[in-house]
Amino acid sequence: MAFLTPLAALLGALAIPIVLLYLLRLRRHEAEVSSTYLWRQIVQDREANAPWQRLRRSLLLFLQLLILALLVLALMRPFVETPTITTGRIALLLDASASMNATDITPSRFAAARQEALALVDTLSAQDSMTVIRVAAVPEVLASATGDRNLLREAILSARPSSGPADWLAALTLAAGGAAGVERFSVVLISDGGLPPDLPAIPGEFRYVPIGQSAENVGLTALAPRARAGEPPQVFIEMTNFGSQTAEVILSLELDGVLDRAERFRISGGSVQEIVYTDLSGNFSTLTATLQPASGSVVPDYLALDDRAWAVFTPPGAGRVLLMTPGNLYLRQALASLPGVAAFQGQTAAGLPTGQAFDLYILDGWLPEDGVLPPGDLLIVNPPGDTALFRVLGRSLETGNPRVRRDDPRTRYVSFDNVSVLDFNVLDGVDWAEPLITVDGGPLLLAGTVDGRQIAILTFDLHRSDLPLQIAWPILLANLMQWYTPARTAGTAESLRVGETLALNPPFEADTLRITDPDGATTTLHVGEDALIYTGMTQPGLYTVETYARGELIRREPFAVNLFDRVEGLIRPAESLRIGASEVTEAAREEIGQREFWPVLALAALALLTLEWWLYQRRMRLPSPAEVWARNRAKS
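A few points on the structure. (Residues numbered from 1 in each chain as written. Predicted model: local features only at pLDDT ≥ 70, side-chain atom pairs only at ≥ 80, totals over all residues. Heavy atoms only, no water.)

Points about the overall build of the protein
Piece 1. The number of helices and strands found in the protein is 11 helices and 34 strands.
Piece 2. Computed over C-alpha atoms, the radius of gyration of the protein comes to 40 Å, more than 25% over the 26 Å expected from 2.2 N^0.38 for 636 residues, which places it beyond the range of a compact globule.
Piece 3. Principal-axis analysis of the C-alpha atoms gives the protein an extent of 140 × 65 × 55 Å.
Piece 4. For the protein, the proportion of contacts with a sequence separation of at least 24, taken over those separated by at least 6, is 68%.
Piece 5. For the protein, the exposed area adds up to about 33,400 Å²; of that, 54% sits on carbon and sulfur atoms.
Piece 6. Distance between charge centroids for the protein: 16 Å, based on 52 positive and 70 negative side chains. (Helix = DSSP H or I, 4+ residues; strand = E, 2+ residues; numbered from the N terminus. Rg over C-alpha atoms; globule rule 2.2 N^0.38 Å. Contact = heavy atoms within 4.5 Å. Areas by Shrake-Rupley, 256 points an atom, 1.4 Å probe, with all protein chains shown as cover. Lys, Arg positive; Asp, Glu negative; His and termini not counted. Charge placed at Lys NZ, Arg CZ, Asp CG, Glu CD.)

Given below as structure tokens:
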């Protein structure tokens, strides 16, 4: 045993005044009294008439000297040498990714990792320093290079595991920054080893402390609903058994929070089970899939984060569509086959219906008599006259050499090589639109946005072409319907992953967005010139974004966030890691650290101080009436 501050032993001289206090006799004033019969207990003290007395045995004195000795020893900071992983300047990477929530170690892998980190702090010598980095989707420095053990312990104990993957490249880059100007530098990784295989080399020595014992985990790795034309929607579900044993699970599916079905599955170890349900009933907007071990199953499932998954079902399409046509059967049939489209037929003789709003108006060879176009999105086919958006210059027969914009999603996979068009209208004043399909005489298809309205124009009569008989027709119409689909503030209906950022796309009239996470916490964003980015997707579940304009709610959309990460689902602890060109295995405790035990001495001193106070109070306490009566009775 050695001491870090041996000069603190000089404080042991405080024992001298303590002993002197016990040698001093009390000086009292003399006074005559009638009797000392009742003061027998103090007769001995009255007999003192000198400043010093013989030092007598005293338990209180012994305890006080012992307390002083323990405190002095604690201040001298005694330590013993102990094996440790590394010394010098240390960058400690504490894995906080989703897999560290696994419970194959009680209470969890992350709790075990924190204990390992605290043990490493306990072996730091006076010359060592440590930086603590919590590795999650965004690596976070919890404590910069310091030798303060209390600060390091507080930083480690404050760390919490995340629910998503970790950015290991950023974490290693952050750790390597501490190597500048340091002679002896090392990185200690406490993790279950779920790292990507292509990480670069970093300066200093790399030490790996593996955490975890088991690989048994069954999780949901995909959940995707899909609309089908003329048929009920379907959902694709993928379950993966990352463990080595065959597991039996119950898969349940909820639609808008109502249980729709539950089914038992037996999944072999290391295999994937894919399920497609094609008979979903009714209309719904959200799905929740849940996995749980079947009754009687003896195979554990140590990671709960991937046992639930969520999805949002938004059928593609333009919503409510009003078709104004003198009798175009091709358009009616095509609209009936598109999913997510509710088509309504209007009467051209009666004009546009009043009191009803539609998402899309299709005007086929017809325009309102007053020339006022309806206030929604428009698909104008073979325009018969001028409008505020264009002027018709006449008809052209130059329909040769068709050219299609292949890079535009509205004409993706559309081929006009075998399409014949007899003639078309030549338009003027359409600078607001992009020509998507063009022939020698001008555009056959234009599309653009005017005052927030999406407008497309087919400049020819479908009956004077063979387009409705070609495969290009349903493809073109489906692409246009997808383009007309009302934009979502959340941008996409696809599932997002924990830790990602979400670029929000509010409508132009919106001024405020409010996002509610699965725990009910809300985040308010104000619409301005800057891009709206939401970074709060820290846990899986269903989120809701509400769009407000002048204080009124104008749109509410859910969006789903899931783990869906095979690296995190594969919880088998790695025996070795590859960092750069090096293979790193479990670190051995080959270096010598220092383990101080002054806290034990301080606690012992505190305990003795409490005992000494209790004895002193017991001695000075006056006897109770019951004790006096019992004493007198014993004497009689």
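Moving on from the coordinates now.
Looking at the sheet that holds strand β34 (residues 591-596)
Piece 1. An order of β1-β2-β34 is seen for the 3 strands of this open sheet, with the pairing classed as antiparallel. Edge positions in the sheet fall to β1 (2-3) and β34, since each of these pairs with one other strand and no more. (Pairing = 2+ DSSP bridges.)

Considering unusual backbone geometry
Piece 1. For the bond running from Thr106 to Pro107, omega is 0 degrees, close enough to zero to count as cis.
Piece 2. With respect to the element layout, Pro107 can be found in the loop between β3 (89-95) and α4 (109-122).
Piece 3. We note that Asn382 has phi near 50 degrees; this positive angle belongs to a residue other than glycine.
Piece 4. On the secondary structure map, Asn382 appears in the loop between β18 (377-381) and β19 (391-396).
Piece 5. Even without a glycine there, the phi angle at Phe564 is positive, about 40 degrees.
Piece 6. Residue placement: Phe564 occurs in the loop between β31 (552-562) and α9 (566-569).

Quick word on the sheet that holds strand β14 (residues 308-312)
Piece 1. Taken together, the 4 strands give an open sheet; going across it, the order is β11-β10-β13-β14, and neighbouring strands pair in antiparallel fashion. The open sheet is flanked by β11 (258-267) and β14, the only strands paired with a single partner. Here the average twist between neighbouring strands, direction ignored, is 20 degrees.
Piece 2. Of the strand pairs in this sheet, strand β13 (residues 286-293) and β14 are connected by 5 bridges, and their pairing is antiparallel. Each residue of the ladder has a partner; that of Ala289, found in β14, is Ala309. (Axes fitted to C-alpha atoms, helices over the stretch in contact; angles between N-to-C directions.)

Points about the packing of helix α1 (residues 15-23) against helix α3 (residues 59-75)
Piece 1. Across the interface, α1 lies against α3 with an axial gap of 10 Å and an inter-helix angle of 170 degrees. Taken together, the axes of α1 and α3 lie roughly antiparallel to each other. Residue-level inspection shows Ala15, Ile18, Val19 and Tyr22 of α1 in contact with α3, the latter providing Leu60, Leu61, Gln64, Leu65 and Leu68. (Parallel < 35°, antiparallel > 145°, perpendicular 65-115°, else oblique.)

Comments concerning the side chain of Arg207
Piece 1. With respect to the helices, strands and loops of the structure, Arg207 is situated in strand β7 (residues 205-210).
Piece 2. For Arg207, a relative accessible area of 16% corresponds to the buried category.
Piece 3. Polar side-chain contacts of Arg207 include one of 2.6 Å to the backbone oxygen of Ile85.
Piece 4. For Arg207, the residues in contact, after removing those within four places along its chain, are Ile85, Thr86, Val187, Val188, Leu189, Ala587, Ala588 and Glu591. (Buried < 20%, exposed > 50% of the residue type's maximum accessible area, 1.4 Å probe, protein only. Polar contact = N/O pair within 3.5 Å; in protein donor to acceptor, adjacent residues only side chain to side chain.)

Details of the side chain of Thr290
Piece 1. Relative to the assigned elements, Thr290 resides in strand β13.
Piece 2. Within the structure, Thr290 has its side chain in polar contact with the side chain of Arg308 (distance 3.3 Å).
Piece 3. Setting aside residues no more than four positions away along its own chain, Thr290 makes contact with Leu220, Ile250, Leu251, Ser252, Asp307 and Arg308.

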